[in-house]
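Examination of the molecular architecture
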Amino acid sequence: MAQRVAVVGGGMLGMTLALRLAREGRSVTIFERSPSVGGLAAPWEIGGATWDRYYHVILRSDVRLLALLDELDLTSALRWKSVGSAFFIDGRIHPFSTLADFVAFPAVGPIDKVRLGLGILKATRERDLEQLDAVTAEEWLRKVFGAKLYERLWQPLLRAKLGDAYAQASASFIHATIARLFGARKNSRQREEFGYVEGGYATIVDRLTERLAEAGVRFKTGVDVNAVRRSGAALAVAYDSVSETYDRVVVTVPTPIAARICDALAPDELLRLRSIRYHGIVCASLLLDRPLGNAYITNIADSRIPFTGAIEMTALVDRDALGGGSLVYLPRYVDARSPFYLMNDASVQESFVLGLQRMHRTFDPSQIRALRISRAPYVFALPEVGSARRILPMQTSVPGLFLANSSQIVSGTLNVNETIGIAMQAAEAVAECATGHEEARYEAVC
Ligand SMILES: Cc1cc2nc3c(=O)[nH]c(=O)nc-3n(C[C@H](O)[C@H](O)[C@H](O)COP(=O)(O)OP(=O)(O)OC[C@H]3O[C@@H](n4cnc5c(N)ncnc54)[C@H](O)[C@@H]3O)c2cc1C
């Protein structure tokens, strides 16, 4: 009889993992709390158009994701475009894409510009990732870029992304961010090249769902798993008043939820799970009559603006895909217990629209066709100093129970390419566990 595996969480991680496991001959069931799969990559409707609830781009360096798209026969649906980026600083937006933009950038003087260029080069060549995990981003940025650049550019950017937690962030976080951004350029003269799949992540999630169904994977959507426990030699997945048994269970939900539902873990494992802090997001999607500008991303180094950045999706995506409108995302990454996260939609909307008017003097709220606010309590684990050393192994002390989520990304940023990497590692962990050797180890653990 095929091994029965439950995958808890139907995001990109759970789905790609389920596909691997099913193709290796296992009988797989996905449990997803929402009515449909996709998680953070799921689409939603705005102003009559369907696009990603949170902004997503693909980079040429996303090799695992590109391989998955190929496997899903979606390579021909990929679209690539060179897009610009910009900086909002000192009350003005400055283009920040090409060498010429960099030279003309008025916010830093010529000596600091040289230092900035050399520092970025050094960052992309840095290989001692263990050392980077041991120092704070602040310490490292001050050393590489100097105090002036740190205070003027980097600290506001760190604060924008991490809030007050920026002071505990490790240098490996900023290194990974720089490395990912520069992965989008072919050389220093060029603008970033970003990609997307026609129809957005809805196309990818739909195709994955089809392939999963063809591979025999069962979907249990709208099911909030509340416990995963040992049940004799098997594992029981509990929801509502139902309990189903499986040979293996892989929990792919964020760590705070995993700690709640996997209460049979050893006390020290639970302690480690509970010590991982997460940031959530409050994100506005705006469908506008006309474009704000031509940059895909405007980084914000100004504490008066209530959002972290402005992402104009239609600088990349054809506006026809959005009914002729311009789609803009305004994200703010925050702790899910913070007052801002708990603010009602009308207040968030008011503060974001005011912020947008402050950035774009010509922006008129009457241009807004539709505006929606989205929240997710757990988006990424805070990249604190030493977090690489505290990463949890996938195999837990409970035989057959595995944990796999984005907190296990080593020295990388949160993106689907890394997520697929974690799914592949989890598939390997499940396969290894099927051997007699692992079974013996389980006995020892118990
Ligand atoms: C604002 C934003 C921008 C991003 N931009 C990019 C980008 O440009 N490029 C890129 O590659 N990536 C980007 N990402 C990252 C990308 O979305 C993630 O890497 C990916 O979606 C993570 O998938 P996951 O399955 O690990 O997690 P999730 O998507 O969080 O999936 C977890 C799933 O578990 C479910 N769940 C939770 N609790 C339970 C329970 N008790 N029972 C059952 N189910 C449960 C949830 O409903 C969810 O569907 C972005 C993310 C955000 C938020």
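On a predicted model such as this, the values are computed, not experimentally measured, just so you know. (Residues numbered from 1 in each chain as written. Predicted model: local features only at pLDDT ≥ 70, side-chain atom pairs only at ≥ 80, totals over all residues. Heavy atoms only, no water.)

Focus: the packing of aromatic side chains
- Summed over the entire model, instances satisfying the criterion amount to 14 aromatic pairs.
- Ring geometry for Phe145 and Trp154: centres 5.0 Å apart, planes at 45°, overall tilted.
- Trp154 gets classed as buried once you look at its relative accessible area, which sits at 10%.
- The interplanar angle of 20° and the centroid separation of 5.8 Å between the aromatic rings of Phe340 and Phe352 together place this pair among those described as stacked. Of this pair, Phe340 sits in helix H12 (residues 339-342) while Phe352 is found in helix H13 (residues 345-359), placing the two residues 12 residues apart along the sequence.
- According to the relative accessible area criterion, Phe340 is buried, its value standing at 11%.
- Of the residues examined, Phe352 reaches a relative accessible area of 2% and is grouped as buried.
- Each residue in the set Phe87, Phe96, Phe102 and Phe105 is aromatic and connected to the rest through ring pairs, giving one cluster.
- The side chain of Lys161 reaches across the aromatic face of Tyr333, ending 4.3 Å from its centre.
- Over the ring of Trp44 we find Arg372, and its NZ or CZ is 4.0 Å from the ring centre. (Phe/Tyr/Trp six-rings, centres within 6.5 Å; stacked < 30°, edge-to-face > 60°. Buried < 20%, exposed > 50% of the residue type's maximum accessible area, 1.4 Å probe, protein only. Helix = DSSP H or I, 4+ residues; strand = E, 2+ residues; numbered from the N terminus. Lys NZ or Arg CZ within 6 Å of the ring centre and 35° of its normal.)

Brief notes about the sheet that holds strand S18 (residues 401-403)
- Strand order across the open sheet formed by 5 strands is S8-S2-S1-S12-S18, with parallel pairing between neighbours. Each end of this open sheet is capped by a strand with a single partner; those strands are strand S8 (218-221) and S18. Ignoring strand direction, the axes of neighbouring strands in this sheet form an average angle of 15°.
- By the bridge criterion, 3 bridges tie strand S12 (residues 248-251) to S18 in an arrangement that is parallel. Residue pairing across strands places Val250 opposite Phe402, the latter belonging to S18.
- Of the strands in this sheet, S12 and S18 touch helix H14 (residues 416-433), which is tilted by about 160° from S12. (Pairing = 2+ DSSP bridges. Axes fitted to C-alpha atoms, helices over the stretch in contact; angles between N-to-C directions. Contact = heavy atoms within 4.5 Å.)

Brief notes about the layout of surface pockets
- By volume, the second largest pocket is sized at about 530 Å³.
- Lining the second largest pocket are 27 residues, and of these Arg159, Ala160, Gly163, Asp164 and Arg332 lie nearest its centre.
- Mapped by element, the contributors of at least two residues to the lining of the second largest pocket are helix H7 (147-162), strand S13 (278-288) and strand S16 (326-334).
- Ranked by the residues each element gives to the lining of the second largest pocket, the list is headed by H7, at 5 residues.
- Across the lining of the second largest pocket, the residue classes break down as 13 nonpolar, 6 polar and 8 charged.
- Composition of the lining of the second largest pocket by domain shows at least three residues from each of domain 2 (57-80 + 193-199 + 278-381) and domain 3 (98-185). (1 Å grid on protein atoms, 1.4 Å probe; cavity = no way out; pocket = protein on both sides within 12 Å on 5 of 7 lines; lining within 4 Å. Points joined across faces, edges and corners; volume = space filled by probe spheres on them. Nonpolar A, V, L, I, M, F, W, Y, C, P; charged D, E, K, R; others polar. Domains from an automatic or database assignment.)

Topic: the site of the ligand
- As a matter of local geometry, the ligand sits amid 30 residues, with Glu32, Leu40, Tyr55, His56 and Val416 nearest to it.
- Surface burial for the ligand is 93%, taken as the share of its 1,000 Å² of free accessible area covered by protein chains.
- Those elements that place two or more of their residues in the shell around the ligand are helix H1 (12-23), strand S2 (27-32) and H14.
- In terms of residue class, the shell around the ligand is built from 18 nonpolar, 8 polar and 4 charged.
- Here the shell around the ligand spans two domains, and each of domain 1 (4-41 + 203-277 + 384-445) and domain 2 (57-80 + 193-199 + 278-381) adds at least three residues to it. (Near = heavy atom within 4 Å. Areas by Shrake-Rupley, 256 points an atom, 1.4 Å probe, with all protein chains shown as cover.)

Observations regarding a nonpolar patch on the surface
- Where nonpolar side chains cluster on the molecular surface, the patch consists of Val114, Leu118 and Leu121 and spans about 280 Å² of accessible area.
- In this structure, Leu118 sits in helix H4 (residues 110-125).
- The class for Leu118 is exposed, based on a relative accessible area of 56%. (Patch = residues over 30% accessible without salt bridge, like charges linked within 9 Å, V, L, I, M, F, W, Y side chains within 5 Å. Salt bridge = Lys/Arg side-chain N within 4 Å of Asp/Glu carboxyl O.)

Structural notes on the domain arrangement of the chain
- On domain assignment, one finds that the chain holds domain 1 (4-41 + 203-277 + 384-445), domain 2 (57-80 + 193-199 + 278-381) and domain 3 (98-185).
- On a C-alpha basis, the centroid separation for the pair domain 1 and domain 3 is 34 Å.
- The partner domain 3 presents 13 residues to the 11 residues of domain 1 that form the contact.
- Roughly 880 Å² is buried in total at the junction of domain 1 and domain 3, and carbon and sulfur atoms are behind 56% of that figure.
- A per-residue breakdown of the area domain 1 buries against domain 3 is headed by Val385, Ser411 and Thr413, which together make up 54% of the total.
- At the boundary of domain 1 and domain 3, one finds 0 salt bridges. (Buried area = accessible area lost by both parts, 1.4 Å probe.)

A word on the sheet that holds strand S10 (residues 234-239)
- With respect to topology, 3 strands assemble into an open sheet ordered S9-S10-S11, the strand pairing being antiparallel. Every other strand in the sheet has two partners, leaving strand S9 (225-231) and strand S11 (242-246) as the edge strands with one partner each. Averaged over neighbouring strand pairs, the angle between their axes works out to 25° when direction is ignored.

Quick look at H1
- The terminal C-alpha atoms of H1 lie 17 Å apart, and with 12 residues this matches the ideal 16 Å at 1.5 Å per residue to within 8%.
- Of all the 12 residues making up H1, 10 are buried; the element is thus mostly covered by neighbouring parts of the structure.
- Contacts made by the buried residues of H1 are with strand S1 (4-8), S2, helix H2 (63-71), helix H9 (201-214), S12 and H14.
- One or two steps after H1, the chain reaches Gly25, where phi turns positive at roughly 95°. (Expected span 1.5 Å × (residues − 1).)

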